[in-house]
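Coordinate inspection notes
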Protein chains: 2
Amino acid sequence: MSGTLHLIGVGPGDPDLLTIRAVRILRTAHVVAYPATSEESAFAREIAADYIEPDAILMPVTIPMAIERSPAQTAYDGAAALILDHLARDRNVAWLCEGDPLFYGSAMYLLSRLNGAARVEIVPGVTSLTASAAAIARPLAARNEILKVLPAPLPDETLRPELLATPAAAIIKVGRHFDRIRDLLRETGHAPNAIVVEHATTIRQRITPLLSFGYGERPYFSTILCYRGDEAWG
Amino acid sequence: MSGTLHLIGVGPGDPDLLTIRAVRILRTAHVVAYPATSEESAFAREIAADYIEPDAILMPVTIPMAIERSPAQTAYDGAAALILDHLARDRNVAWLCEGDPLFYGSAMYLLSRLNGAARVEIVPGVTSLTASAAAIARPLAARNEILKVLPAPLPDETLRPELLATPAAAIIKVGRHFDRIRDLLRETGHAPNAIVVEHATTIRQRITPLLSFGYGERPYFSTILCYRGDEAWG
């Protein structure tokens with residue numbers, strides 16, 4: 001087993017936000033693997049496209065977007081086996097992750113399967129979290145404030161006390177939970193200052209105050225940055 | 001006013017973790033400004049050193065490390081005035097921030113003074129948070145877990161309930177608060193699985209289980225990654 005698996009964060013969307021190290025690794029990767037949806041869309045590969053060598057072996061891994069976990073688990077099992085096979089043939093493999101590999105990224109599913117069995121290196125990347133803050137030119141949290149990253153699929157009973165206890169939060173994985181989350185943020189007092197950032201750093205980037213979304217409208221690839229009050233942060 | 005102020009995240013320490021965009025901006029910046037301590041150490045400049053043009057005007061800004069805020073505020077007031085003056089002379093200014101500009105970074109102090117008065121662009125960077133997770137090859141939080149970023153200077157009464165409510169947290173700004181934080185993490189059940197990452201991504205990087213630190217010993221430039229239990233995250 002002499003190939004190395006590189007788990008690479010490719011950043012939030014703008015190819016300019018790849019790191020020097022990510023680019024350097026892509027230059028020598030024999031195999032470039034990445035998650036894809038069944039519609040053959042693969043955002044991580046699109047982000048890194050300019051830096052993938054023309055003779056690299058491309059390895060898209062279709063991850064079923066089901067709510068149950070087992071179809072995705074099976075896909076990662078298969079990907080891990082394929083990657084091990086490449087590594088055994090002395091090929092270096094780069095696995096592309098949107099954002100950062102270990103910030104709610106896909107890399108953990110490969111790490112849990114391959115750590116110990118293969119040499120694994122991790123290249124951190126720019127997250128959509130800080131990219132969204134940059135888009136609205138506002139700190140995620142001020143000074144010694146707590147920052148909470150709250151996945152939207154969690155139930156209101158879990159999210160409510162977390163929001164009530166803290167002024168600064170970022171809601172991720174919003175998708176189909178948007179209407180519920182907006183109602184919750186109204187209740188906790190965060191809604192008036194909450195901002196929705198969609199497609200951060202890409203040409204489709206859109207910045208919208210939460211309360212300007214019409215009912216029925218839903219943001220895509222978005223992070224909701226929440227602040228309570230409008231405290232001075234200077 | 002035709003110069004642009006670029007607030008640039010230079011990442012956690014390894015110069016390879018600068019982004020392509022940060023490097024590109026440094027190539028055309030007339031002035032490179034950065035926070036420095038009174039001992040003339042300036043970590044952000046050290047990180048970016050290879051990419052600063054030899055004819056750039058260097059502008060170190062000494063930020064007093066006092067607990068009271070007003071000396072630092074005065075330093076940022078002075079820096080803002082100097083930067084405005086450069087911008088008025090058509091010079092582009094790059095302000096270097098360790099990690100990401102808006103993730104507990106120094107950029108907010110310039111933003112609050114200059115936003116509106118100058119054209120400001122923000123380049124997000126890799127945080128020490130995700131770099132620390134990469135160092136220990138472990139996700140910050142699994143799947144739909146909440147992740148909390150907890151500044152160590154906050155009092156135990158604030159931190160305790162936050163820790164008790166959640167398995168995954170990252171403690172930042174540890175410094176002189178280390179002994180107190182360790183005691184608190186013992187109490188909340190996080191200590192046995194907590195890892196201290198010092199100087200992430202630099203040659204001085206050191207990874208130590210929290211409970212292996214002797215009393216009196218104190219980590220430097222560190223993040224404590226906390227997990228409760230040892231749940232499977234694969």
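Residues numbered from 1 in each chain as written. Chains lettered and ligands numbered in written order. Predicted model: local features only at pLDDT ≥ 70, side-chain atom pairs only at ≥ 80, totals over all residues.

Residue and element names in this part refer to chain A. You can read the domains of chain A as domain 1 (4-126) and domain 2 (129-226). On a C-alpha basis, the centres of domain 1 and domain 2 stand 27 Å from each other. Opposite the six residues of domain 1 that make contact, domain 2 presents seven residues. Looking at the side of domain 1 that touches domain 2 residue by residue, the class counts come to four nonpolar, one polar and one charged. (Domains from an automatic or database assignment. Contact = placed C-beta atoms within 7 Å. Nonpolar A, V, L, I, M, F, W, Y, C, P; charged D, E, K, R; others polar.)

A word on the pairing of strand β7 (residues 168-172) of chain B. Residues and elements named next belong to chain B. In terms of burial, β7 is a largely internal element, five of the five residues being buried. The alternating pattern of β7 places Ala 168, Ala 170 and Ile 172 and Ala 169 and Ile 171 on opposite faces, both of which are buried. Taking the sense of rotation as the criterion, the β-α-β connection linking strand β6 (residues 147-151), helix α6 (residues 156-164) and β7 turns out right-handed. (Buried ≥ 20, exposed ≤ 12 C-beta atoms within 10 Å, placed from the backbone. Helix = DSSP H or I, 4+ residues; strand = E, 2+ residues; numbered from the N terminus. Right-handed = clockwise from strand over helix to strand, strands pointing away.)

This part takes up the relation of the copies chain A and chain B. Under the fitted operation, chain A is carried onto chain B by 0.0 Å of movement along the axis and a turn of 180°, and the coordinates agree to an RMSD of 0.0 Å. In the structure described here, the two chain copies are related by an operation that fits a two-fold rotation axis. Interface overlap between copies is the fraction of interface residues in one copy that are interface residues in the other; for chain A against chain B it reaches 98%, indicating a shared surface. (Least-squares fit on C-alpha atoms with pLDDT ≥ 70 in both.)

The next subject is the packing of helix α6 (residues 156-164) of chain A against helix α7 (residues 178-188) of chain A. Any two packed helices are characterised by how steeply their axes cross, that is the angle between the axes, and by the distance between the axes. Residue and element names in this part refer to chain A. In contact at an axis separation of 10 Å, α6 and α7 are set at 35° when each is read in the N-to-C sense. α6 and α7 meet at a crossing whose hand is right-handed. Here Asp 156, Leu 159, Arg 160, Leu 163 and Leu 164 of α6 come into contact with α7, specifically with Arg 180, Leu 184 and Thr 188. Class assignment of the residues belonging to the contact of α6 with α7 gives a composition of four nonpolar, one polar and three charged. (Axes fitted to C-alpha atoms, helices over the stretch in contact; angles between N-to-C directions. Left-handed = near helix turned anticlockwise from the far one by under 90°.)

A positive phi is found at A:Thr201, a non-glycine position, where the angle reads about 70°. Secondary-structure assignment places A:Thr201 in the loop between β8 (195-198) and β9 (206-209). One non-glycine residue with positive phi stands out, namely B:Ala137, at about 50°. For B:Ala137, the position within the fold is in the loop between α5 (128-136) and β6.

On to the interface of chain A and chain B, then. Each side of the interface is counted separately: chain A has 47 residues, and chain B has 46 residues. A per-class count over the side of chain A that touches chain B returns 31 nonpolar, eight polar and eight charged. Alignment of strand β6 (residues 147-151) of chain A against β6(B), held across three bridges, turns out to be antiparallel. Each residue of the ladder has a partner; that of A:Val149, found in β6(B), is B:Leu147. (Pairing = 2+ DSSP bridges.)

Let us look at α5(B). Within α5(B), eight of the nine residues are buried, which leaves the element mostly enclosed by the surrounding structure. Every buried residue of α5(B) is accounted for by B:Ser128, B:Leu129, B:Thr130, B:Ala131, B:Ser132, B:Ala133, B:Ala134 and B:Ala135. In this fold, the buried residues of α5(B) make contact with β5 (119-123) of chain A together with β6, β7, β8 (195-198), β9 (206-209) and β10 (222-226) of chain B. The first or second residue beyond α5(B) is B:Ala137, which carries a positive phi of 50°.

In this section: the sheet that holds strand β3 (residues 57-62) of chain B. All names here are of chain B. A sheet is described by the order of its strands in space; here five strands give the open sequence β3-β2-β4-β1-β5, paired in parallel fashion. Whereas interior strands pair on both sides, the edge strands pair on one side only; in this sheet they are β3 and β5 (119-123). In this sheet, adjacent strand axes meet at a mean angle of 20° when their direction is disregarded. With five bridges connecting them, strand β1 (residues 4-9) and strand β4 (residues 93-97) associate as parallel partners. The residue of β4 that forms the bridge with His 6 is Ala 94. The sheet strands contacting helix α1 (residues 20-28) are β1, β2 (31-36), β4 and β5, and the helix crosses β1 at an angle near 140°.

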